[in-house]
Amino acid sequence: MKLSTLDKFNEIVIQMHDNPDADAVGSGYGLYRYFKDKGKNVRLIYGGINKITKSNILLMIKEMEIPVEYVTSPIKPELLITVDCQYGEGNVTHFDGENIAMIDHHNTGKHSDDMAEIRNNIVSCSTIIFDMLRSEGYDVNKDINISTALYYGLFMDSNELSEMRHPIEMDMIEYLSINKMLLNRLTHSNFTLQELETAGIAMIRYSYDEKKRLSVIKSNPCDPNILGLVGDLILQVDSIDVCIIFNECNEGYKLSLRSCVPEVSASEMAEYLTRGVGNGGGHLNKAGGFISKSQFVQNYDDMSIEAYLFSRVEEYYDTYNVIYAKDGIDDLEGFGVYEKKPNIYGYVRTTDIFKEGTECNVRTLEGDMFVRASEEIYLMIGYFGEIYPIEKGAFEKKYEIIPGGYEKSYDYSPSVRAIRDNKIYELMPYANRCKSRGGAKICAKMIDKPTKVFSKWDYETYMHGDKGDYLCYTYDDEHDIYIVKGDVFKYTYEKV
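So, how was this worked out
- Counting from 1, residues in each chain are numbered in the order their sequence is written.
- Where totals are concerned, whole chains, interfaces and linings use all residues; where local detail is concerned, this predicted model gives features only for residues with pLDDT of at least 70, and gives and counts side-chain atom pairs only at 80 or more.
- Side-chain numbers come from the whole structure's heavy atoms, not from hydrogens or water.
- Only runs of H or I of at least four residues qualify as helices and only runs of E of at least two qualify as strands under DSSP, and these elements are numbered from the N terminus.
- In this setup the radius of gyration rests on C-alpha atoms only. A globule is expected at 2.2 Å times the number of residues raised to 0.38.
- Only heavy atoms matter for contacts: two residues are in contact if any of them lie within 4.5 Å across the pair.
- Methods summary: accessible areas were calculated by the Shrake-Rupley approach with a probe of 1.4 Å, and residue burial reflects only the protein chains presented.
- Within this scheme the basic residues Lys and Arg register as positive and the acidic residues Asp and Glu register as negative, but His and the chain ends are omitted.
- A charge is said to be at NZ when it belongs to Lys, at CZ for Arg, at CG for Asp and at CD for Glu.
- At least two DSSP bridges between two strands are needed for those strands to be called paired.
- Angles run from 0 to 180 degrees between N-to-C directions of axes, and those axes are lines fitted to C-alpha atoms, restricted for helices to the stretch in contact.
- Exposure classes here rest on a 1.4 Å probe applied to the protein chains alone. A residue is buried below 20% of its type maximum, exposed above 50%, and partly exposed in between.
- In this scheme, patches are assembled from residues that exceed 30% relative accessible area and form no salt bridge. Like charges are connected within 9 Å, while nonpolar side chains (Val, Leu, Ile, Met, Phe, Trp, Tyr) are connected within 5 Å.
- Within this document, salt bridges are pairs made up of a side-chain nitrogen of Lys or Arg and a carboxyl oxygen of Asp or Glu, the two lying within 4 Å of each other.
- Note on angle classes: values under 35 degrees are labelled roughly parallel, values over 145 roughly antiparallel, values of 65 to 115 roughly perpendicular, and the remainder oblique.
- Helix crossings fall into two classes, left-handed where the near helix is turned counterclockwise from the far one by less than a right angle and right-handed where it is turned clockwise.
- Only buried residues count toward a nonpolar core. Its members are Ala, Val, Leu, Ile, Met, Phe, Trp, Tyr and Cys residues joined through side-chain atoms within 4.5 Å.

With respect to the overall build of the protein chain
Assigned secondary structure in the protein chain consists of 13 helices and 29 strands. At 24 Å, the protein chain has a C-alpha radius of gyration in line with the 23 Å of a compact globule built from 496 residues. Principal-axis analysis of the C-alpha atoms places the extent of the protein chain at approximately 70 × 55 × 40 Å. Excluding contacts between residues fewer than 6 apart, the proportion of contacts in the protein chain whose partners are at least 24 apart in sequence is 65%. Only carbon and sulfur atoms are counted for the fraction: they give 47% of the accessible area of the protein chain, which is about 22300 Å². Computing the positive centroid from 55 side-chain charges and the negative centroid from 78, the protein chain places the two 3 Å apart.

Put into structure tokens, the structure is as follows:
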């Protein structure tokens, strides 16, 4: 999406997520100034049950003269843009808009479209705004408040620039002219003395589950961003992989979650803990949530919040199995032998689209998967538009090439994203036809419990299968393990 495609709107509201952090404010302000300079009627707002109290954010807003508004009453602008968040997510207060646009760097499963710019390969939303402004020829250095706000957003979301991973981020820190004195003040304004005491008391009141390497911590009332800072500190303990920090607020309980292991998605756990009693979400490593007191009492009567959290955490860990392809499958009981039906499928050689070695994100039905383009790697396109990688040798054993292109329409067109430039490539223009050979076998069984599979393609993210889906492995390779959705499996395979 180009910012100029939004120039047709005159009444614009830019919404940050609840409890805005530096990246939300920085990216929101950059966007605000762009539209303000275009003569638009524009506002920068946030909602939620808490007003900003975090000292560094208040200092940022004051010193950079950022016109942030806290809004609790209904609005319905001509255009509502969510920034550093996505419309409908649990950490975003619902406001109506005649048109909705989104700019974000969190992975919630959405690809970009004409009214959305989602780049989950970028560490901060401020970087995305910087790049979009630069693409429009907008000089972010014309006002040092704009450039410093964007820089501080990246600075905070990249752990003080230590987690940058994209060339655009490098370009950004070299290009921006900033107020170094103000940045120094902001860096040393994360805690008030009272918040330091609150954080210290919280950390010595921790509860710990040695088996799960998980800590649950209750904090005294404080700005929600302090919960996240405590979580970041706790996660540096060598025996803790996951932590949940919570406190009581006026209408319920605010949660902050951190995870440093791929098996536990912070966003997934936040959604699970708040299901039916509130809302939660975020991304793989960091997430937040809110539990409503009224809904909690209605559902759990006199149970304490601590007992509830420990109970739900126990249930969460029991809700799924984890399988690592590199380790194989321990119990092969119940697996049957299946053969692929002689249907027509599509395939794409990765090097027909990308240069050798290009890192790509493949969005499968079962989750995102990382692959590197190579003469030895193909992408299969199934009947329902599902895509998955396959090695050339395995492809030649299982499929017979049929001359001609593969033409089929899908509700969701198969695509792959190049990680370096974040460009989306449609697969169908490059697709060729093939047919399953007889005798290409797999072993499979229907799963009766949600399962996370770390495939041989990607050990950092998992394929997710629900009850009724199939756990599969190649007949002659017990380490080629993957998930196939139930409806896809029934159309594609038949029992031998």
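Here we look at the sheet that holds strand β9 (residues 242–249)
A sheet is described by the order of its strands in space; here six strands give the open sequence β7-β8-β9-β10-β12-β11, paired in mixed fashion. A single partner strand is all that each edge strand has here, and the edge strands are β7 (207–209) and β11 (278–282). Within this sheet the neighbouring strands show an average axis-to-axis angle of 15°, counted without direction. Note that β11 and strand β12 (residues 286–292) share five bridges and pair antiparallel.

Quick look at the side chain of S455
Within the element layout of this structure, S455 appears in the loop between β25 (451–454) and β26 (463–465). You can call S455 buried: its relative accessible area is 2%. Among all residues touching S455, those that are not within four sequence positions of it are A325, M369, M463 and I481.

Some remarks on a nonpolar patch on the surface
Together, F191, L193, L196 and L233 line one region of the surface with nonpolar side chains, adding up to about 400 Å² of accessible area. Along the chain, the position of L233 falls in helix α8 (residues 224–234). Classification of L233 by relative accessible area gives partly exposed; the value is 39%.

Description of unusual backbone geometry
With phi around 60°, D84 is a residue other than glycine that occupies positive phi space. A positive phi angle, close to 50°, is found at D301, a residue other than glycine. Mapped onto the elements, D301 comes out in the loop between α10 (293–300) and α11 (305–318). Residue classification places D301 among the exposed positions, given a relative accessible area of 57%.

As for the pairing of strand β24 (residues 441–446)
Bridging between strand β14 (residues 336–340) and β24 involves four bridges; their strand directions are antiparallel. Counterpart to E339 in the pairing with β24 is K441.

Side note on the environment of A270
With respect to the helices, strands and loops of the structure, A270 is situated in helix α9 (residues 266–274). C-alpha of A270 to C-alpha of H283: the two residues are 13 residues apart in sequence and 9.7 Å apart in space. Filtering out sequence-adjacent residues up to four positions away, A270 remains in contact with L257, G280, G281, A287 and G288.

Describing the sheet that holds strand β5 (residues 100–104)
Taking strand neighbours across the sheet as the criterion, the six strands line up as β3-β2-β1-β4-β5-β6 in an open arrangement whose pairing is parallel. Whereas interior strands pair on both sides, the edge strands pair on one side only; in this sheet they are β3 (68–70) and β6 (116–118). Recorded for the sheet is a direction-independent mean angle of 25° between the axes of neighbouring strands. In terms of strand pairing, strand β4 (residues 79–83) meets β5 through four bridges, oriented parallel. Bridged to T82 within β5 is M102.

A short note on the pattern of salt bridges
What the rule picks out here adds up to 22 salt bridges. K2 is the partner of E136 in a salt bridge, and the nearest nitrogen-oxygen pair spans 3.9 Å. Here E136 is found in the loop between α3 (125–135) and α4 (144–157), whereas its partner K2 is found in the segment before β1 (11–16), with 134 residues between them in sequence. Its relative accessible area of 24% is what places E136 among the partly exposed residues. For K2, a relative accessible area of 43% translates into the label partly exposed. Of the charged contacts in the structure, one is a salt bridge between R119 and E117, with a shortest N-O distance of 2.8 Å. Neither R119 nor E117 differs from the other in exposure class; each is buried. Three or more residues are tied together by salt bridges with common partners; here these are E117, R119, D131 and R134.

Section: α9
The element α9 is extensively covered by neighbouring structure, given that seven of its nine residues are classed as buried. Buried within α9 we find A266, S267, M269, A270, Y272, L273 and T274. Count one or two residues on from α9 and you reach G276, which has phi positive near 85°.

Looking at the packing of helix α1 (residues 22–37) against α3
Taken N-terminus to C-terminus, the directions of α1 and α3 make an angle of 20°; their axes are 8 Å apart at the nearest point. Relative to α3, the element α1 lies roughly parallel. Judged by the sense of rotation from one axis to the other, the crossing of α1 with α3 is left-handed. Where α1 abuts α3, its residues D23, G26, S27, G30, L31 and Y34 lie against C125, S126, I129 and L133.

Points about the nonpolar core
Taken as a class, soluble globular proteins show a tendency for nonpolar side chains to be buried jointly. With 55 residues, the main nonpolar core has I14, F35, M60, I81, I103 and L150 as its most contacted residues. No other element matches the eight residues that α1 contributes to this core. Not counting chain neighbours up to four residues away, the residues in contact with L150 comprise G26, S27, G30, S126, I129, F130, L133, V140, M172 and L176. Core analysis: the next-biggest nonpolar cluster, separate from the first, contains 43 residues, A325, M369, I381 and A431 among them.

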